[in-house]
Amino acid sequence: MTPSERPRPRLDLRQRSILAGEAAAAAAEVENALSLVADPTSAAFFDVDNTVMQGASIFHLARGLHRREFFTTRDIVGAAWKQAYFRVVGVEDPDHVSETREAALSFIAGHTVAELEELSEEIFDETMSHRIWPGTRALAQLHLDQGQRVWLVTAAPVEIARIIARRLGLTGAMGTVAEHVDGVYTGRLVGDMLHGPAKAEAIRALSVREGLDLARCSAYSDSVNDLPMLSLVGDACAVNPDARLRAHARAAGWRVRDYRTGRKAARAGLVLTAAAGALGGAAAAGLRRRS
């Protein structure tokens, strides 16, 4: 049995979160052009999915890779269901997150880092660029204009996170780090997904490295799962928040920004459609009985 084939000791959730956060901070890309900033101890951290971008970035990446025959139609149908659930309900399901992680690792195993980065650039242009929330992008730009650095912090692969940050003119990004050896993905993660507590660990590690004062930093997210990140900084803002985060933000006196115009109307439309479907089904059944 080779060293790579030997079973690894299981880590508890706390240890995996710390390892994932430290790996994300170590892999964070920092633009040289922003190395000299007017406010070096202050920064802003933005979640990506449903905060910076409509929907889940991992789904858009998966769909683009499916078109390039990385995996099967059955796989993309499952991802589409999770995306629809996320868009309508607005809450991340832990089971969906875990399943997405396993699926993501399976379809990149054996591929090279260079290959995924090149394809991610294409996929961003195809399916992601027009899904950026203008309001959130403006918030990020306000921090940049004040001489502060701005990082994305996301459970999506760090490769796509870096591309999004670079295209938006941000300082850099932290994301889930997939293990690779000699430039080829192994199908394992370094630690765990950068999700929930792991995001806070990544920000702590980056703040030490970059000399940030977290009390002077800001954080933005849509999900109650990101409370560890939001509670870590002095200025928290709920963007397109789920119901639980909205309630928490109001109680804590945090800022709330919602750019989902028509969201309530869309939900009402879903209810009306379901009701119409039920009524239509009942009417059809009645006609069959009459016949």
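Coordinates for the structure precede this section.
Let us look at the structure shown here. Counting from 1, residues in each chain are numbered in the order their sequence is written. Per-residue local features of the predicted model are confined to residues with pLDDT of at least 70, and side-chain atom pairs are confined, for both listing and counting, to 80 or more; whole-chain, interface and lining totals are unaffected and use all residues. As a rule here, side-chain values cover all heavy atoms of the structure and leave hydrogens and water aside.

**Details of the packing of aromatic side chains**
So, step 1. A pair of Phe, Tyr and Trp rings is counted when the ring centres sit within 6.5 Å of each other, with Trp represented by its six-membered ring. The angle between the planes then sorts it: under 30 degrees is stacked, over 60 is edge-to-face, the rest tilted. The final tally for this structure, using the stated rule, is two aromatic pairs.
So, step 2. Taking the centre distance of 6.0 Å and the plane angle of 15 degrees together, the rings of F45 and W151 count as stacked. Within this pair, whereas F45 is found in strand β1 (residues 43-46), its partner W151 is found in strand β2 (residues 149-157), the two being separated by 106 residues in sequence. By the burial criterion, F45 is buried, and W151 matches it.
So, step 3. On the numbers, 4.1 Å between centres and 5 degrees between planes, the contact of F46 with Y220 is stacked. For the purposes of this entry, the term helix denotes a DSSP run of H or I that reaches at least four residues, the term strand denotes a run of E that reaches at least two, and both are numbered from the N terminus. Burial status follows relative accessibility: with a 1.4 Å probe on protein chains alone, a residue under 20% of its type maximum counts as buried, one over 50% as exposed, and anything between as partly exposed.

**Considerations on the packing of helix α2 (residues 57-67) against helix α5 (residues 113-128)**
If you want to describe how two helices pack, look at the angle between their axes and the distance between the axes.
So, step 1. The angle between two axes is taken between their N-to-C directions and runs from 0 to 180 degrees, where each axis is a line fitted to C-alpha atoms and a helix contributes only its stretch in contact. Their axes nearest at 9 Å, the elements α2 and α5 cross at an angle of 110 degrees. In terms of axis orientation, α2 runs roughly perpendicular to α5. Between α2 and α5, the residues in contact are S57, H60, L61, R63, G64, L65 and R67 and L116, L119, S120, I123, E126, T127 and M128, respectively.
So, step 2. Residue polarity follows a fixed list, in which Ala, Val, Leu, Ile, Met, Phe, Trp, Tyr, Cys and Pro are nonpolar, Asp, Glu, Lys and Arg are charged, and the others, Gly among them, are polar. Of the residues in the contact of α2 with α5, the class split is six nonpolar, five polar and three charged. Here the word oblique covers every angle except those under 35 degrees (roughly parallel), over 145 (roughly antiparallel) and from 65 to 115 (roughly perpendicular). The contact definition used throughout considers only heavy atoms, calling two residues in contact when any of these lie within 4.5 Å.

**Some thoughts on the pairing of β2**
So, step 1. Counting buried positions along β2 yields nine of nine residues, so the element is predominantly enclosed.
So, step 2. At least two DSSP bridges between two strands are required for those strands to pair. Direction of pairing for β1 relative to β2: parallel, over a ladder of four bridges. Residue pairing across strands places A43 opposite R149, the latter belonging to β2.
So, step 3. Judged from the four bridges that link them, β2 and strand β3 (residues 172-176) form a sheet pairing that is parallel. Bridging across to β3, V153 finds its partner in M174.

**Thoughts on the nonpolar core**
So, step 1. Ranked by size, the top nonpolar core spans 41 residues in total, and within it F46, M128, L152, I164 and L170 carry the most contacts.
So, step 2. At the level of secondary structure, the elements contributing two or more residues to this core comprise β1, α2, α5, α6 (134-145), β2, α7 (158-167), β5 (184-189) and β7 (235-239).
So, step 3. Per element, the largest residue contribution to this core is six residues, and it comes from α5.
So, step 4. In this structure F46 touches V52, T136, L139, A140, H143, V150, W151, L152, V153 and Y220, once residues within four positions along its chain are discounted. Side-chain atoms within 4.5 Å are what join buried Ala, Val, Leu, Ile, Met, Phe, Trp, Tyr and Cys residues into a set we call a nonpolar core.

**Observations concerning the pairing of β7**
So, step 1. Most of β7 is tucked away, with four of its five residues classed as buried.
So, step 2. The pairing of strand β6 (residues 218-221) with β7 spans four bridges and is classified as parallel. Across the sheet, the residue bridging to A219 is A236, located in β7.
So, step 3. Handedness of a crossover is defined as follows: with both strands directed away from the viewer, a clockwise route from the first strand across the helix to the second makes it right-handed. You can see the chain leave β7, run along helix α10 (residues 243-252) and come back into strand β8 (residues 255-257), and the turn it takes is right-handed.

**With respect to the side chain of S42**
So, step 1. Tracing the chain through its elements places S42 in the loop between α1 (13-27) and β1.
So, step 2. A distance of 3.4 Å separates the side chain of S42 from the side chain of Q148, its partner in a polar contact.
So, step 3. Throughout this description, a polar contact denotes any pair of N or O atoms lying within 3.5 Å of each other; where both atoms belong to protein, one of them has to be capable of donating a hydrogen while the other can accept it, and for residues adjacent in sequence the pair is counted only when both atoms sit in side chains. Side-chain polar atoms of S42 contact the backbone oxygen of R216, separated by 2.7 Å.
So, step 4. Beyond its immediate chain neighbours, meaning those up to four positions away, S42 contacts Q148, R149, L212, R216 and C217.

**Comments concerning the sheet that holds β1**
So, step 1. Spatially, the six strands line up as an open sheet ordered β3-β2-β1-β6-β7-β8, and their pairing is parallel. Edge positions in the open sheet fall to β3 and β8, since each of these has one partner strand only. Recorded for the sheet is a direction-independent mean angle of 20 degrees between the axes of neighbouring strands.
So, step 2. Sheet contacts for α6: β1, β2, β6, β7 and β8; angle to β1, the most-contacted strand, approximately 160 degrees.

**Concerning unusual backbone geometry**
So, step 1. Although it is not a glycine, N50 sits at a positive phi angle of roughly 70 degrees.
So, step 2. With respect to the helices and strands, the residue N50 is situated in the loop between β1 and α2.
So, step 3. Of the residues examined, N50 reaches a relative accessible area of 5% and is grouped as buried.
So, step 4. Although it is not a glycine, N240 sits at a positive phi angle of roughly 50 degrees.
So, step 5. Mapped onto the fold, N240 is located in the loop between β7 and α10.

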